[in-house]
Amino acid sequence: MFLIFLRSLVFNVLFYTVLVCLAIVALPTFALPPRAMLTVAEWWAKATLVLMRVVCNIKVEFRGTEKIPAGPLLIVAKHQSFWETFVLPGFFHRPIFILKRQLMQIPVFGQFLVKTGMIAIDRNAGVKALLDMTRRAREAVRSGKQLVIFPEGTRRAPGAPPDYKTGFAQIYSSCGVPCLPIALNSGLFWPRRTFMRYPGTLVVEFLDPLPPGLPKDEFLSRVQSAIEDATGRLVEAGRKEQEQLIGSAPSYAPSAS
């Protein structure tokens with residue numbers, strides 16, 4: 001375990017060094033179209049994947065990429081780690097996220113979010129926030145963008161009971177576009193609330209898209225069932241691999257962060 005601690009320490013030093021360097025490189029892109037800034041973000045994601053493999057012995061596998069539809073799209077992804085917030089966008093055309101408003105207040109990073117058209121929501125504003133979020137999401141998707149949503153609203157530890165909110169179903173009904181569910185097991189390797197990085201194979205699985213126009217209850221049921229079934233399978237496989245690599249799989253608190 002000491003070796004994992006040491007590798008995690010080295011990884012984090014390199015990870016944030018790369019982040020600071022690319023943030024400096026990205027400064028001129030504030031005067032350019034958003035695509036330029038997103039390109040720098042993709043460099044960050046690719047550099048991180050290399051560091052994960054070389055330093056931490058974390059391999060990353062993407063399954064089902066051929067299932068990603070072209071054109072306007074709603075992406076609904078499991079959320080276990082900070083990792084997927086900056087890696088998943090590289091698979092989509094003109095991607096935007098729905099995120100909490102507080103992130104917009106972070107210096108430089110907040111300006112990056114504004115520049116790239118991310119949709120901020122005030123979670124304390126109730127119905128008004130949901131209506132505003134739905135309107136902005138509909139406008140973004142109809143302009144050809146692909147919208148990424150984490151339906152549980154925050155990170156969930158591997159094995160935690162699902163906690164899907166219903167607001168994303170309203171967005172689905174309003175936008176009238178296909179929905180792509182995504183399962184993953186990133187929380188086993190890049191856990192929340194710790195700088196530790198554990199070895200193994202991190203898997204992201206793009207699942208079968210759902211067509212537009214499903215009744216809301218059916219949509220909610222099918223999305224949750226698809227994501228949770230696949231995520232459970234990926235987490236179980238990841239834990240077995242970790243037991244072989246390090247003797248036992250790390251434990252994770254089964255509550256939201």
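Residues numbered from 1 in each chain as written. Predicted model: local features only at pLDDT ≥ 70, side-chain atom pairs only at ≥ 80, totals over all residues. Heavy atoms only, no water.

As recorded by an unreviewed UniProt entry, the chain carries the name 1-acyl-sn-glycerol-3-phosphate acyltransferase and is attributed to Bradyrhizobium arachidis. Here the chain is described in UniProt, under the heading Pathway (unreviewed entry), as follows: "Lipid metabolism." (UniProt positions renumbered as here; feature names shortened; annotations may be inferred.)

Novice: Hey, could you run me through the packing of aromatic side chains in this one?
Specialist: We describe a pair of aromatic rings using the distance from one ring centre to the other and the angle between the two ring planes. Counting across every chain of the model gives 20 aromatic pairs. Pairing Trp-44 with Phe-82 gives two aromatic rings, centres 6.3 Å apart and planes at 55°, and the pair type is tilted. Highlighted residues: Trp-44 in helix α2 (residues 34-56) and Phe-82 in the loop between β2 (73-77) and α3 (83-87), separated in sequence by 38 residues. On the basis of relative accessibility, which here comes to 12%, the residue Trp-44 falls in the buried class. For Phe-82, a relative accessible area of 33% puts it in the partly exposed group. Taken together, the ring pairs in this structure connect Phe-11, Phe-15, Tyr-16, Trp-44, Phe-82, Phe-86 and Trp-190 into an aromatic cluster. (Phe/Tyr/Trp six-rings, centres within 6.5 Å; stacked < 30°, edge-to-face > 60°. Helix = DSSP H or I, 4+ residues; strand = E, 2+ residues; numbered from the N terminus. Buried < 20%, exposed > 50% of the residue type's maximum accessible area, 1.4 Å probe, protein only.)

Novice: I'm lost on the UniProt feature "transmembrane region" (unreviewed entry) in the chain in this one. Help?
Specialist: UniProt records the feature "transmembrane region" (unreviewed entry) for residues 9-31 in the present numbering. Span residues 9-31 is 78% helix and 0% strand, its end C-alpha atoms 35 Å apart.

Novice: What is the right way to look at the nonpolar core in this model?
Specialist: As a rule of thumb, soluble globular proteins bury nonpolar side chains together. In this structure, Leu-74, Phe-92, Leu-147, Ile-171 and Phe-219 are the most contacted members of the largest nonpolar core, which totals 73 residues. Setting aside residues no more than four positions away along its own chain, Leu-74 makes contact with Leu-147, Ile-149, Phe-168, Ile-171, Tyr-172, Val-177, Pro-178, Cys-179 and Leu-180. (Core = buried A, V, L, I, M, F, W, Y, C linked by side-chain atoms within 4.5 Å. Contact = heavy atoms within 4.5 Å.)

Novice: Looking at this structure, how should I read the environment of Ala-157?
Specialist: Its place among the elements puts Ala-157 in the loop between β5 (146-149) and α6 (167-175). Look at Ala-157 and you get buried, because its relative accessible area is 3%. The spatial distance from the C-alpha of Ala-157 to the C-alpha of Leu-188 is 8.3 Å, given a sequence separation of 31 residues.

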